[in-house]
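Here is how the chains run, residue by residue.
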Amino acid sequence: MLFRSLGLRRGLGRWSRLPQGALGAHAHDSTTGQGSKLWRDAGQRNESAHLSSVDLNDDGVPDVAFAYYASKYMVRTRHMLSTPADAGPGPGSLVQEGKDVRMASSRAYGDLDGDKKVDEVVGRVYGDAKGEPGDLTVHFANGKTVKVPSDRGIKAVWIGKAGADKRPALYFSDGWESNYGKKARAQLKRATFGKGATAPAKIGDSDKEFTFFDLSPADLDGDGKPELIARGNASLSAFTQAADGKTWTRRTLAGLQPVLNTAVGKTPAGWVAYIPTNPRAPSVPVRVVPLAAK
């Protein structure tokens, strides 16, 4: 049996007035209500960098792709592979731990070149030395590595179909600077690989925000062409592709307090945004904001 969902708890950052907690990964089976602890770490920086469910070893079974800060600056992958179907519920004991990569704060997995194998995208906010800008790299399943041109540091990456995409594309937010209050810019770009590859092109921005922290799809109007939802530092935005298939427009869905984790989901009543209302509280209440189609 596959695990239905996976939750992750991260320690509180150095800016919080509350005690710092350990980082933990947990599995929860929504059909039985049973949960299990997968892993726990109390290190120098208890913060996750990535969590998703993807078939990492091409066996047809979803695995857990996970990355965390092994130290203040170094990010390490710790993927957890699923057990065979006859081995019982929950994740297996097979763990793939990768090499440390400095400031690899964002990752995405998907088939970018059409070979039906999972590729990995790694975005870095900063480079190998102090003052160096971040970069964007694609590690293809066939062993090929490609550096993707980008403008300064990377804050968010996503592989998937948005707008009129016929196959998965790479969407990413770059423009990050250490002096983010004055120099960073929230920019959204798109690139494709394999047959019909396209160079990275800017499809939108938010001139009053310094970054997009997260990207995800949502077909808000039900036309079969998902909008791309971008969580910035001050608002939740939807990028919609125009009928010409080339231009994109941005509209604000909801205002946010600075630097808040936000989720978008579909309910029987339609699409909603789940927005924390007090980032400093140990138990954070959430407000639900309906998202209009237009």
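Numbering of residues starts from 1 in each chain and follows the order in which that chain's sequence is written. Only residues with pLDDT of 70 or above have their local features reported here, since the model is predicted, and side-chain atom pairs are shown and tallied only from 80 upward, although totals for entire chains, interfaces and linings are computed over all residues. Water and hydrogen atoms were dropped before computing side-chain values, which therefore reflect all heavy atoms in the structure.

Turning to the overall build of the protein, a few remarks are in order. Each helix corresponds to a stretch of at least 4 residues labelled H or I by DSSP, and each strand to a stretch of at least 2 residues labelled E; elements are numbered beginning at the N terminus. Of regular secondary structure, the protein possesses zero helices and 23 strands. Burial status across the protein gives 43% buried among its 294 residues. In the protein, 39% of the contacts between residues at least 6 apart in sequence involve partners at least 24 apart. Buried, partly exposed and exposed residues are distinguished by accessible area as a fraction of the type maximum, computed with a 1.4 Å probe on protein chains only: under 20%, between the cut-offs, and over 50%, respectively. Contact criterion: two residues are considered in contact whenever any of their non-hydrogen atoms come within 4.5 Å of each other.

This paragraph deals with the environment of Ala273. You can see Ala273 is positioned in strand β22 (residues 270–276). For the pair Ala273 and Pro290, spaced 17 residues apart in the sequence, the C-alpha separation amounts to 6.4 Å.

A word on the confidence of the model for the protein. Per-residue confidence from the predictor is reported as pLDDT, which spans 0 to 100. A residue-level look at the protein finds 88% of positions with pLDDT of 70 or above and a mean pLDDT of 86. Residue range residues 1–19 is modelled with pLDDT below 50. Its contacts to residues more than four positions away, or to other chains, number 55 contacts. Counting contacts from residues 85–92, a segment whose pLDDT is below 50, to residues more than four positions away or on other chains yields 15 contacts.

On to the sheet that holds strand β21 (residues 263–267), then. Strand pairing is defined by DSSP finding a minimum of two bridges between the two strands. Strands sit in the order β21-β22-β23 across an open sheet of three strands; the sheet is antiparallel. This sheet does not close on itself; its edge strands, each paired only once, are β21 and β23 (286–290). Across the sheet, the mean angle from the axis of one strand to that of its neighbour is 30 degrees, orientation sign disregarded. In this sheet, β23 lies alongside β22 in antiparallel orientation, the contact comprising five bridges. In the sheet register, Ile275 faces β23, and the bridge partner there is Arg287. Interaxial angle, 0 to 180 degrees, is taken between N-to-C directions of lines fitted to C-alpha atoms, where a helix line uses only the stretch in contact.

Should a side-chain nitrogen of Lys or Arg be within 4 Å of a carboxyl oxygen of Asp or Glu, the pair is scored as a salt bridge. Counted according to the given criterion, the structure contains 13 salt bridges. We note a salt bridge from Glu97 to Arg78, for which the minimum N-O separation is 3.6 Å. Of the two residues, Glu97 sits in strand β7 (residues 91–97) while Arg78 sits in strand β6 (residues 74–82), which places them 19 residues apart along the sequence. Given the relative accessible area of 16%, Arg78 is considered buried. When the shortest N-O distance is used, the salt bridge between Asp128 and Arg124 registers 2.8 Å.

Right, let's get into the side chain of Glu209. Within the fold, Glu209 resides in the loop between β16 (198–206) and β17 (212–218). Within the structure, Glu209 has its side chain in polar contact with the backbone nitrogen of Ser235 (distance 2.9 Å). Two N or O atoms form a polar contact when they lie within 3.5 Å of each other; inside protein one atom must be a possible hydrogen donor and the other a possible acceptor, and for residues adjacent in sequence the pair counts only when both atoms belong to side chains.

This part takes up unusual backbone geometry. The backbone of Lys116 sits at a positive phi, close to 65 degrees, despite the residue not being glycine. Residue position: Lys116 is located in the loop between β9 (106–110) and β10 (119–123). Since its relative accessible area comes to 78%, Lys116 is described here as exposed. Of note, the phi angle at Arg152 is positive, near 65 degrees, even though the residue is not glycine. Along the chain, Arg152 falls in the loop between β12 (145–148) and β13 (156–160).

Turning our attention to a nonpolar patch on the surface. Residues qualify for a patch when their relative accessible area is over 30% and they have no salt bridge, like charges being joined within 9 Å and the nonpolar side chains of Val, Leu, Ile, Met, Phe, Trp and Tyr within 5 Å. Each accessible area value is a Shrake-Rupley result obtained with a 1.4 Å probe; residue values ignore everything except the protein chains displayed when judging cover. Together, Tyr274, Val286 and Val288 give the surface a local cluster of nonpolar side chains, amounting to about 250 Å² of exposed area. Since its relative accessible area comes to 47%, Val286 is described here as partly exposed.

Attention shifts here to the sheet that holds strand β20 (residues 248–255). Strand order in this open sheet of four strands is β17-β18-β19-β20, and the pairing throughout is antiparallel. Each end of this open sheet is capped by a strand with a single partner; those strands are β17 and β20. Neighbour-to-neighbour, the strand axes of this sheet turn through a mean angle of 25 degrees, independent of strand direction.

With that out of the way, let us pick up the packing of aromatic side chains. Put simply, two rings from Phe, Tyr or Trp (the six-membered ring, in Trp's case) pair if the centres are within 6.5 Å, and we call them stacked under 30 degrees between planes, edge-to-face over 60, tilted for the rest. In this structure the tally under the stated criterion is 11 aromatic pairs. In this structure an aromatic cluster arises from ring pairing among Trp176, Tyr180, Phe210 and Phe213. Here Arg45 stacks its cationic end above the ring of Tyr69, 3.7 Å away from the centre of that ring. Only when the NZ of Lys or the CZ of Arg is both within 6 Å of the ring centre and within 35 degrees of the ring normal is a charge said to sit over the ring. Over the ring of Tyr73 we find Arg102; its NZ or CZ atom is 5.0 Å from the centre of that ring.

This brings us to the environment of Leu220. Of note, Leu220 is situated in the loop between β17 and β18 (227–232). Spatially, the C-alpha atom of Leu220 lies 7.4 Å from that of Leu291, the residues being 71 residues apart in sequence. For Leu220, the residues in contact, after removing those within four places along its chain, are Glu227, Ile229, Ala238, Arg251, Leu253, Trp271, Leu291, Ala292 and Ala293.

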